[in-house]
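Here is how the chains run, residue by residue.
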Amino acid sequence: MTDLRTPYVIGVGMTRFTRIETEPWTYSQMAGEAIRAALGDAGVDYGSIERAAVGYVFQPSAAGQRVLYDVGLTGIPVVNVNNNCATGSTALNLAQEWVATGLAEVVLAVGFEQMTRAAMAGEATVSGSTAVPAVTTIDHHLQVMLEDHQFAAAPVTTQFFGNAALEHQQRYGTTAEQLAAVAVKNHEHSTRNPNAQFTDAYTLEQVLADKPVHGPLTRSQCSPMSDGAAAAVIASPAFVAAHGLGDRAVPILAQALTTDTADAFTSRSMIDVVGSPMTVDAGRRALAAAGLSVDEIDVLEVHDCFSINELITCEALGLCGPGEAGPMVADGATTYGGAWVVNPSGGLISKGHPLGATGLAQCAELTWQLRGDAGQRQVAGASRALAHNLGLGGACVVTVYGAPGTR
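All values derive from a computational prediction rather than experimental measurement.

Membership of the largest hydrophobic core comes to 57 residues, with the highest contact counts inside it found for F160, F161, L300, I308, L319, L386 and V400. Look past the residues within four positions of L386 in its chain and what remains in contact with it is L287, I297, V299, L300, E301, L317, L366, V398, T399 and V400. Residues L92, A95, V341 and Y401 belong to the second largest nonpolar core, which totals 36 residues.

The subject of this paragraph is the packing of helix α6 (residues 156–172) against helix α13 (residues 307–317). If you want to describe how two helices pack, look at the angle between their axes and the distance between the axes. Between α6 and α13, the least distance of the axes is 9 Å, while the angle of their chain directions is 60 degrees. Here α6 is positioned oblique relative to α13, judged by the angle of their axes. Relative to α13, α6 is oriented so that their crossing is left-handed. Each of F161, A164, A165 and H168 in α6 lies in contact with α13, whose residues at this interface are I308, N309, I312 and E315. Residues belonging to the contact of α6 with α13 are distributed by class as follows: five nonpolar, two polar and one charged.

Enumeration according to the criterion identifies 15 salt bridges in this entry. In this structure, E301 and K351 form a salt bridge, with 3.7 Å as the shortest nitrogen-oxygen distance. Remark: K351 occurs in helix α15 (residues 347–351) and E301 occurs in strand β11 (residues 299–301); sequence separation between them is 50 residues. Overall, the relative accessible area of 1% leaves K351 in the buried class. Of the charged contacts, one joins R377 and E365 as a salt bridge, the two residues approaching to 2.9 Å between their closest N and O atoms. Highlighted residues: R377 in the loop between α16 (358–371) and β13 (384–391) and E365 in helix α16, separated in sequence by 12 residues. By relative accessible area, which is 6% here, R377 ends up buried. Classification of E365 by relative accessible area gives buried; the value is 2%. Where salt bridges share partners, they join D41, R248, R371 and D373 into one cluster.

The rules behind each value
Residues numbered from 1 in each chain as written. Predicted model: local features only at pLDDT ≥ 70, side-chain atom pairs only at ≥ 80, totals over all residues. Heavy atoms only, no water. Core = buried A, V, L, I, M, F, W, Y, C linked by side-chain atoms within 4.5 Å. Buried < 20%, exposed > 50% of the residue type's maximum accessible area, 1.4 Å probe, protein only. Contact = heavy atoms within 4.5 Å. Axes fitted to C-alpha atoms, helices over the stretch in contact; angles between N-to-C directions. Helix = DSSP H or I, 4+ residues; strand = E, 2+ residues; numbered from the N terminus. Parallel < 35°, antiparallel > 145°, perpendicular 65-115°, else oblique. Left-handed = near helix turned anticlockwise from the far one by under 90°. Nonpolar A, V, L, I, M, F, W, Y, C, P; charged D, E, K, R; others polar. Salt bridge = Lys/Arg side-chain N within 4 Å of Asp/Glu carboxyl O.

As structure tokens, this is what we get:
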């Protein structure tokens, strides 16, 4: 579609990801902080914003308006977005499409979350003695797991990914040490990120000896409950040129949003149930549209909600072949000095995972990386970047970015 305009990220902002118990703020306050930071970074005021896409999972209906009304009452269209863990990138997808198709010149994408145990328990624990609700957003996923796996008294998502880890081990010989190496890497990366929820490094022995969760996964291989917000201002090429933003504007070279097909469930594979086919599809589409191969990508932020999902994602995106991600990560290919740097922010495991904010936090991190503004975690010479944001239920968004000045 050659009539589409290239959308640019001209401003980003995010809060530190944390927990309400240690930072008692409201979702409106945290989102407002991220929005104002993004506007300040872009050098525009809220009156310039023509439309807004606002993503969250657990807050009330029309929470987007509640958040934005504290920033300004300008009468713009506000669309509230919920796509489970892919919510933030889905809001970004909507925003960049408004710009790409000429519906607006400058728009806002916001994602935030204030997570509670009660909200997380909505589809929470499945065990031999616990009834499954008649209808859930993950019925198809549950059907495969209920029929093919023994259940424990553990959160459903933990069981999905723990069983996928067991399958990966059985199919490819992936070791517990290789799974733990993902967490070691990402926790080490987070020591350089002041916005991360956790900033402590872990040894391989500490990760392996941590509290068991499900299958081979331990606590430090799992993303935590998190609160926080992130935002991005997206603008057209004409707006970028008119405001002299070319040296800071990061082009969105391509983006693809996919959902599950029948193959995710008929294969009877937990690796497929947790989203590998969606990632394959979205990755291929986005890279093809950008005219790039994954070997031309320098830095990636991927959806490591559990350590196993970083391995699955690396394989699905083509960084390596099936079953090769464990040795690849353990050998250092996905950290500084390797072929790519994956999750320089610390990823979901260590940076945190407030569901609605995650995709836009990835956008913020990669924008800083491509501008050369990432400080101690800067990837040297980064000129192409890829974000991968996944939600069970399901959705997957892959976004390819270029450095300022590239098309």
